[in-house]
Amino acid sequence: MSDTIAASTAASSGYNTSSAGDQPTLIRSASDITRLVNQGATKLSDARIVVAIALGGVFLDAYDLGGLAFGMKDITRQFGLTPSGAGLVASAITLGAIVGALFGGYLTDKIGRYRVFMADMFFFVIAALACAFAPNAWVLGGSRFVMGVGVGIDLPVAMAFLAEFSKLSGRGNKASRVAMWCPTWYAAISISYLLVLLLYAVLPAEDTGLLWRLILGFGAVPAILIIAIRHRYMNESPVWTANQGDLKGAAAILRRSYNINVEVAADADQQAQPAVRKAAWSNYGQLWKGVYFKRTLLVSVMSVASPFAYNAVAFGLPVILSTFLKQSVISTILFSLGLNLCFAFVGGLLAVRFVSKIGAWNMTVVGYAFQLIAMIGLALVGRPADSAEAAISISMLALFLFGQGIGPGSHSMTYASLSYPTSLRGTGVGLSQVVSRVSSTASLFLFPVLTAALGTKVFWAIGLAPLVGVLILLAIRWEPSGYDVDAEDFEKTV
């Protein structure tokens, strides 16, 4: 970014509580930029908007999952799908996300957060419209694969933005803002349920088969809005920019997005700058070396356990409820909506509120424990024989979703984003998303097959996931919340 642009950018209060008329804070190194962000000198600025719109891809990913969950029966009937075929259509988005996460993690560290972020939304627009007009299961599956590529690219860069536009501690800290992805996810699923309910109420009975097309196609609308808003408010990460050696560009971003009165010191070029790790495909290997080995092992196991259990339950929730309740479609939608809002969404909000006080490790252990209890309860009850047993089963589903919200649902991403410094963050989140999407693919593909073969005994199999999650956390007691991991870019850690 040029000196002219930097000089013309408005400056006001910031680091060291400077005001517009005070002397600017002088920047001499990339570590100075990191300290400025971590100490959180933000006031009314675009930084909060950047954090909010960083969650746009998360919203669309969850919206699609929620909408498809209600449409799978009609899709299966219209296209004559076998259980395996239905599993492939359902899991196509996660297959695409594996590819997207692998490249997205690398590109996020290589070419920057802003460029990747502006490009990935176009995948959502194109894929959503293609899903709406899909003439057969192959086109539908292919379109969802393309959408998955966009999702996979979006998550690493979104988490990097959330971490790098937030302070280290206090209200609005890194851990709580990264955890915001979880209530955003549940809000999106709830909105998809509401839209299903609305369309189901207004569509003529003979046209209800179009419901899934309308729901999936409508996903293009928020995607277009997100593109426009990102273009208006999004900036490159100042931490990443500084790590690339562009201190003047990073200072200009701080002035524009953070209203921090900063200037690059005249003698900055004379200062010895630490060598920062550059983006490379080999960085995926660096995640398994030195201090990062245990962190990556923990993140990877959590990235298998959490999505496997959650996708099986969340995607199968309408089917599970309709089996328990034997009620109308409207009742099933309302119960699904209520469970997500009252338990998963609330749990996610509690995770955001208390992670800085309780810690991500403690909350995740508790969340996994709740999920394990819920799966055991569902397996023991089996198919409810009366209303009392049905109430117990629904309570267990509620406990599972609450545990997901306060624990692994929120903090699997906290661990993935805050276990690595800026130079490895995109790659680290990318790897976790590759592992997570492989687990999700297996879960979405296997759930219809296992349910057909095992019935309610499938809950025993699902319960293995939170059990493994608890065990790995007990083995590796790593707490990312409140830890200045970005400082590791300026220390020899590997």
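This is a predicted model, so every value here is computed, not measured.

A. Looking closely at the packing of helix α17 (residues 360–381) against helix α19 (residues 408–418). Relative orientation of the contacting elements α17 and α19 amounts to 140°, with a least axis distance of 9 Å. Considering their axes alone, α17 and α19 lie oblique with respect to each other. By crossing handedness, the relation of α17 to α19 is classed as left-handed. Facing α17, whose interface residues are Ala360, Trp361, Met363, Thr364, Gly367, Tyr368 and Gln371, α19 presents Pro408, His411, Thr414 and Tyr415. Classifying every residue of the contact of α17 with α19 by side-chain character gives 6 nonpolar, 5 polar and no charged.

B. Expanded view of empty space enclosed by the protein. Under the counting rule described, the total for this entry stands at 3 cavities of 30 Å³ or more. Lining the largest cavity are 30 residues, and of these Trp181, Trp185, Pro307, Asn311 and Ser436 sit closest to its centre. For the lining of the largest cavity, the secondary structure elements donating two or more residues are α4 (56–79), α5 (83–110), α7 (137–164), α9 (181–202), α15 (292–325), α19 and α20 (422–454). If you tally residues by element for the lining of the largest cavity, the top one is α20, at 6 residues. Residues that form the lining of the largest cavity fall into these classes: 15 nonpolar, 11 polar and 4 charged. The space that makes up the second largest cavity amounts to roughly 50 Å³. For the second largest cavity, the full set of lining residues is Leu60, Tyr63, Asp64, Phe124, Ala128, Met147, Leu216 and Gly219. At the level of secondary structure, the elements contributing two or more residues to the lining of the second largest cavity comprise α4 and α6 (113–132). A total of 3 residues in the lining of the second largest cavity trace back to one element, the largest contributor, which is α4. In the lining of the second largest cavity, the residues fall into 6 nonpolar, 1 polar and 1 charged.

C. Quick peek at the packing of aromatic side chains. With the rule as written, the count across this model stands at 12 aromatic pairs. Between Phe161 and Phe165, the aromatic rings sit 5.4 Å apart at their centres with planes inclined by 35°, giving tilted as the arrangement. Since its relative accessible area comes to 0%, Phe161 is described here as buried. Since its relative accessible area comes to 0%, Phe165 is described here as buried. Their ring planes at 75° and their centres at 6.0 Å tell us that Tyr186 and Tyr310 sit as a pair that is edge-to-face. With a gap of 124 residues between them, Tyr186 in helix α9 and Tyr310 in helix α15 connect regions that are remote in the sequence. Tyr310 matches Tyr186 in its accessibility class, with the two residues each being buried. Every member of this aromatic cluster is reached through a ring pair, and the members are Phe103, Tyr106, Trp281 and Tyr284. Here the basic side chain of Arg295 rests over the ring of Trp478, its NZ or CZ set 4.2 Å away from the ring centre. Just above the ring of Phe354 sits the side chain of Arg353; from NZ or CZ to the centre is 5.3 Å.

About the cut-offs
Think of each chain on its own: its residues are numbered from 1, step by step along the sequence as written. Residues qualify for local features only when their pLDDT is at least 70, as the model is predicted, and side-chain atom pairs are given and counted only at 80 or more; totals for whole chains, interfaces and linings, by contrast, use all residues. For side-chain calculations, the full set of non-hydrogen atoms in the structure is used, while hydrogens and water are omitted. Where helices are involved, their axes are fitted lines through C-alpha atoms of the stretch in contact, as for all axes, and angles between N-to-C directions lie from 0 to 180°. Working definition: helices are DSSP H or I runs of at least four residues, strands are E runs of at least two. Numbering for both runs from the N terminus. Geometric relationships in this document are graded by angle, where less than 35 degrees denotes roughly parallel, more than 145 denotes roughly antiparallel, 65 to 115 denotes roughly perpendicular, and other angles denote oblique. We call a crossing left-handed when the near helix sits turned anticlockwise from the far one by less than a right angle, and right-handed when that turn is clockwise. Should any heavy atoms of two residues lie within 4.5 Å, those residues are considered in contact. Gly is placed with the polar residues, together with every amino acid not listed as nonpolar (Ala, Val, Leu, Ile, Met, Phe, Trp, Tyr, Cys and Pro) or charged (Asp, Glu, Lys and Arg). Using a 1 Å grid laid over the protein atoms alone, points where a 1.4 Å probe fits but cannot get out form a cavity; open sets with protein on both sides within 12 Å along at least 5 of 7 lines form a pocket; any residue with an atom within 4 Å of a point counts as lining. Grid points are joined across faces, edges and corners, and a volume is the space filled by probe spheres set on the points. Between rings of Phe, Tyr and Trp, where Trp is taken as its six-membered ring, a pair exists when centres lie within 6.5 Å; planes separated by under 30 degrees are stacked, by over 60 edge-to-face, and by other angles tilted. Any residue under 20% of the maximum accessible area for its type is buried, any over 50% is exposed, and the rest in between are partly exposed; the area is computed with a 1.4 Å probe on protein chains only. Placement of a charge over a ring requires the Lys NZ or Arg CZ to be within 6 Å of the ring centre, with the centre-to-atom vector within 35 degrees of the ring normal.

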